[in-house]
Amino acid sequence: SGAAKTAIARTENSWGLGATYVTSAGDTAVTIGGGVADAEIANTGVQADADKGGFHLGVSAVTGDLTIGVGYGDGDTFVSTDASASNTEVDGSVLKAGVSYVTGDITLALGMTAGEAKDSTTLGTPDTSDDSNDSTSASVTYAVASGVSAVLGYTTVDTSNDGTSSTDGGSAWYVGATMSF
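Residues numbered from 1 in each chain as written. Predicted model: local features only at pLDDT ≥ 70, side-chain atom pairs only at ≥ 80, totals over all residues. Heavy atoms only, no water.

Visitor: So, the overall build of the protein: which residues are in play, and what are the values?
Guide: A count of helices and strands for the protein gives zero helices and ten strands. Element order for the protein, N to C, with α for helix and β for strand: β-β-β-β-β-β-β-β-β-β. Relative to its 181 residues, the protein shows a buried fraction of 15%. Sequence-distant contacts, at least 24 apart, represent 45% of the contacts inside the protein between residues at least 6 apart. In the form shown here, the protein has an accessible surface area of approximately 11,400 Å², with 58% of it arising from carbon and sulfur atoms. (Helix = DSSP H or I, 4+ residues; strand = E, 2+ residues; numbered from the N terminus. Buried < 20%, exposed > 50% of the residue type's maximum accessible area, 1.4 Å probe, protein only. Contact = heavy atoms within 4.5 Å. Areas by Shrake-Rupley, 256 points an atom, 1.4 Å probe, with all protein chains shown as cover.)

As structure tokens, this is what we get:
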């Protein structure tokens, strides 16, 4: 048709590697895991000039009725933001941690997530202002009967976009039940 070919970015090759190690320390079962991945991008025209890649690490420990876990991930990517196929580069990281304790028919749980990223439509140069999403949640679960549990929980979320607090966050209480057959 004589029309100019549009610019594209496509994955040229990629690889990933992960490992998990399980051990015990006295009465505690410990699991350590991690991984790394990368993808090289082939570009034509004006598109993202960064490759995609990242890593993650995590540790969990279970001793009796107590479980503790923490994980961290970091990576770089780009995403298409609109129909005109312009891209946004994103460099981000997230930290997650949680603890739960079972005592009889009651399970107590507490968790947190702290994530931040820098995004930019200036390809090859991430923005200098952070976007963030931080949340904390807690719950109490009571085993009412075999396969039936009642849940009472609370969650709070704080978000920001380009360093400015966002109205996307908030907090909520929730009451529910789970059933399994």
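Visitor: Account for the environment of Gly33, with residues named and values stated.
Guide: Along the chain, the position of Gly33 falls in strand S2 (residues 28-44). Between the C-alpha atom of Gly33 and that of Gly18, which follows or precedes it by 15 residues, the distance is 7.4 Å. Aside from chain neighbours lying at most four places away, what touches Gly33 is Ala19, Thr20, His56, Leu57 and Gly58.

Visitor: Please set out the side chain of Ser149 residue by residue, giving values where relevant.
Guide: Secondary-structure assignment places Ser149 in strand S8 (residues 148-161). In this structure Ser149 comes out as buried when scored by relative accessible area, which is 17%.

Visitor: Give a detailed account of the environment of Asp91, specifying residues and quantitative values.
Guide: Mapping Asp91 onto the fold places it in strand S5 (residues 87-103). Its relative accessible area of 25% is what places Asp91 among the partly exposed residues. Here the alpha-carbon distance between Asp91 and Gly75, two residues 16 residues apart in the chain, equals 6.0 Å.

Visitor: Help me get a handle on the pairing of S8, residues and values and all.
Guide: Where strand S7 (residues 131-145) and S8 come together, 13 bridges link them in antiparallel fashion. Across the sheet, residue Ala145 finds its bridge partner in S8, namely Val148. The antiparallel hairpin formed by S7 and S8 contains two residues in its connecting segment, where Gly147 sits at a positive phi of about 85 degrees. The pairing of S8 with strand S10 (residues 170-179) spans ten bridges and is classified as antiparallel. (Pairing = 2+ DSSP bridges.)

Visitor: Explain the pattern of salt bridges to me, using residue names and the numbers behind them.
Guide: The tally for this structure, following the rule as stated, stands at one salt bridge. The salt bridge partner of Lys118 is Asp130, with a shortest N-O separation of 2.9 Å. You can see Lys118 sitting in strand S6 (residues 106-120) and its partner Asp130 sitting in the loop between S6 and S7, a full twelve residues away along the chain. Look at Lys118 and you get partly exposed, because its relative accessible area is 29%. (Salt bridge = Lys/Arg side-chain N within 4 Å of Asp/Glu carboxyl O.)

Visitor: Summarise the packing of aromatic side chains; cite the residues concerned and give the values.
Guide: Here the structure, examined in full by the defined rule, presents two aromatic pairs. Geometrically, the ring pair formed by Phe55 and Tyr72 is tilted, given 5.9 Å between the ring centres and 50 degrees between the ring planes. Here Tyr72 lies in strand S4 (residues 66-80) and Phe55 lies in strand S3 (residues 52-63), a separation of 17 residues in the sequence. On the basis of an interplanar angle of 50 degrees and a centroid distance of 4.8 Å, the ring pair of Tyr154 and Trp173 is categorised as tilted. Remark: Trp173 occurs in strand S10 and Tyr154 occurs in strand S8; sequence separation between them is 19 residues. Its relative accessible area of 64% is what places Trp173 among the exposed residues. (Phe/Tyr/Trp six-rings, centres within 6.5 Å; stacked < 30°, edge-to-face > 60°.)

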